[in-house]
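Residue-level listing of the chains:
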Amino acid sequence: MKKFIGLVGTNATTSTNRQLLQFMQAHFKKDATIELMEIQNLPMFNKPATDQLPEIIKEMAAKIEAADGVIISTAEYDHSAPAALINALDWLSYNIYPFVDKPVMVTGASYGALGSSRAQAQLRQLLDAPELHAMIMPSSEFLLGNSLNAFTEDGQLKDTTIVEKLEGIFADFLLFVDIAKQLKNAHAANKKAAADFDWDKIR
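Quick look at the overall build of the protein now. Of the regular secondary structure elements, the protein holds six helices and six strands. Reading the protein from its N terminus to its C terminus gives the helix and strand order β-α-β-α-β-α-β-α-β-β-α-α. Computed over the C-alpha atoms, the radius of gyration of the protein is 17 Å, within 12% of the 17 Å expected from 2.2 N^0.38 for a compact globule of 203 residues. In terms of overall dimensions, the protein has a C-alpha envelope of 50 × 35 × 30 Å along the principal axes. Classification of the 203 residues of the protein by burial places 46% in the buried group. In the protein, 80% of the contacts between residues at least 6 apart in sequence involve partners at least 24 apart. Within the protein, the 25 negative side-chain charges are centred at a point lying 4 Å from the centre of the 19 positive side-chain charges.

What follows concerns a nonpolar patch on the surface. A contiguous nonpolar patch, built from Leu175, Ile179 and Leu183 and spanning about 270 Å² of accessible area, is present on the exposed surface. Positionally, isoleucine 179 belongs in helix α5 (residues 160-180). With a relative accessible area of 40%, isoleucine 179 lands in the partly exposed category.

Attention now moves to α5. Helix length check: α5 (21 residues) gives 30 Å between terminal C-alpha atoms against 30 Å at 1.5 Å per residue, within 8%. Within the span of α5, buried status applies to Val163, Leu166, Ile169, Phe170, Phe173, Leu174, Phe176, Val177 and Ala180. Each buried residue of α5 lies within a common arc of 160° when the element is viewed along its axis, so the set occupies one face. For α5, exposure combined with an orientation more than 90 degrees from the buried face picks out Thr160, Thr161 and Glu164. Where α5 begins, one side-chain oxygen reaches toward the backbone nitrogen of threonine 161, 2.8 Å away; that side chain belongs to aspartate 159.

Our next topic: the packing of helix α3 (residues 83-91) against helix α4 (residues 117-127). Across the interface, α3 lies against α4 with an axial gap of 12 Å and an inter-helix angle of 10°. Classified by the angle between their axes, α3 and α4 sit roughly parallel to one another. Of the residues in α4, those in contact with Leu85, Ile86 and Leu89 of α3 are Gln122, Leu123, Leu126 and Leu127. Residue composition of the contact of α3 with α4, by class: six nonpolar, one polar and no charged.

Here we take up the nonpolar core. What tends to happen in soluble globular proteins is that the nonpolar side chains get buried as a cluster. By size, the foremost hydrophobic cluster in this structure holds 31 residues, and its most contacted members are Ile72, Phe99 and Leu127. With five residues, the single largest contributor to this core is α3. Once you skip the residues sitting within four places of it in the chain, isoleucine 72 turns out to touch Leu7, Leu85, Phe99, Val104, Met105, Val106, Thr107, Leu123 and Leu127. If you look at the next biggest cluster of nonpolar residues, it comprises 28 residues, including Val8, Met135, Ile169 and Phe176.

Our next topic: the side chain of serine 117. Tracing the sequence through the fold places serine 117 in helix α4. Among the residues examined, serine 117 registers a relative accessible area of 18% and is labelled buried. Serine 117 has contacts with Glu76, Glu141 and Leu143, leaving out every residue within four places of it along the chain.

One pass over the full model with this rule turns up eight salt bridges. One salt bridge connects aspartate 178 with lysine 2, and the closest N-O pair in it is separated by 3.0 Å. With aspartate 178 in helix α5 and lysine 2 in strand β1 (residues 2-9), the pair connects residues that are 176 residues apart, well separated along the chain. Looking at aspartate 178, the relative accessible area reads 33%, which means it is partly exposed. Two residues, aspartate 68 and lysine 181, come together in a salt bridge whose shortest N-O distance is 3.9 Å. Placement of aspartate 68 in the loop between α2 (55-66) and β3 (69-74) and of lysine 181 in the loop between α5 and α6 (187-196) is noted, with a sequence separation of 113 residues between them. Residue classification places lysine 181 among the partly exposed residues on the basis of a relative accessible area of 47%.

A few words on α4. Within α4, burial applies to Ser117, Ala119, Gln120, Leu123 and Leu127. When α4 is viewed along its axis, its buried side chains cluster within an angular range of 155° and face the same direction.

What counts, and at which threshold
- Residues numbered from 1 in each chain as written.
- Predicted model: local features only at pLDDT ≥ 70, side-chain atom pairs only at ≥ 80, totals over all residues.
- Heavy atoms only, no water.
- Helix = DSSP H or I, 4+ residues; strand = E, 2+ residues; numbered from the N terminus.
- Rg over C-alpha atoms; globule rule 2.2 N^0.38 Å.
- Buried < 20%, exposed > 50% of the residue type's maximum accessible area, 1.4 Å probe, protein only.
- Contact = heavy atoms within 4.5 Å.
- Lys, Arg positive; Asp, Glu negative; His and termini not counted.
- Charge placed at Lys NZ, Arg CZ, Asp CG, Glu CD.
- Patch = residues over 30% accessible without salt bridge, like charges linked within 9 Å, V, L, I, M, F, W, Y side chains within 5 Å.
- Areas by Shrake-Rupley, 256 points an atom, 1.4 Å probe, with all protein chains shown as cover.
- Salt bridge = Lys/Arg side-chain N within 4 Å of Asp/Glu carboxyl O.
- Expected span 1.5 Å × (residues − 1).
- Arc of directions from axis to C-beta.
- Polar contact = N/O pair within 3.5 Å; in protein donor to acceptor, adjacent residues only side chain to side chain.
- Axes fitted to C-alpha atoms, helices over the stretch in contact; angles between N-to-C directions.
- Parallel < 35°, antiparallel > 145°, perpendicular 65-115°, else oblique.
- Nonpolar A, V, L, I, M, F, W, Y, C, P; charged D, E, K, R; others polar.
- Core = buried A, V, L, I, M, F, W, Y, C linked by side-chain atoms within 4.5 Å.

Put into structure tokens, the structure is as follows:
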């Protein structure tokens with residue numbers, strides 16, 4: 001059985017993105033285990049004076065490294081991904097590179113009708129950065145709009161059409177993870193490129 005990390009893409013105490021990942025955790029339990037990962041208690045990124053990273057960051061990186069893939073559910077604030085999520089990715093690409101060639105599925109929920117579409121587009125761009133270099137599943141946009149009214153009191157998605165779409169995308173992600181395992185010929189080179197990348201040298 002595959003093991004995934006479900007990265008909660010917001011530091012909000014109450015979040016429909018957390019609800020979405022919790023729904024997936026229960027709904028797909030026969031296909032995969034999904035461990036939710038929070039970003040609420042991370043320090044603000046500031047380039048450390050040494051190469052020593054906070055323990056919480058090292059623990060997160062180790063779990064991502066060991067996982068078969070990562071599912072990120074992002075909120076959308078001001079047409080962009082939350083600062084807290086970007087902060088987490090900044091930490092997880094500084095002297096550690098757990099996302100390099102890691103299969104990633106992007107999802108998102110928002111109170112509005114667009115379902116975090118702009119945030120997801122920005123997140124895909126971020127995940128493609130040299131220091132992250134994630135293997136993002138293409139053509140798999142899952143947008144949960146009007147998310148405040150999307151769940152029942154016991155955490156189930158109300159709309160069966162939405163559930164069917166999510167089931168199809170998740171099935172594709174399982175297949176994508178299997179394919180990604182075969183695309184490792186450049187992994188060592190990609191890791192080295194991530195480690196060697198230095199923004200201070202960019203002009």
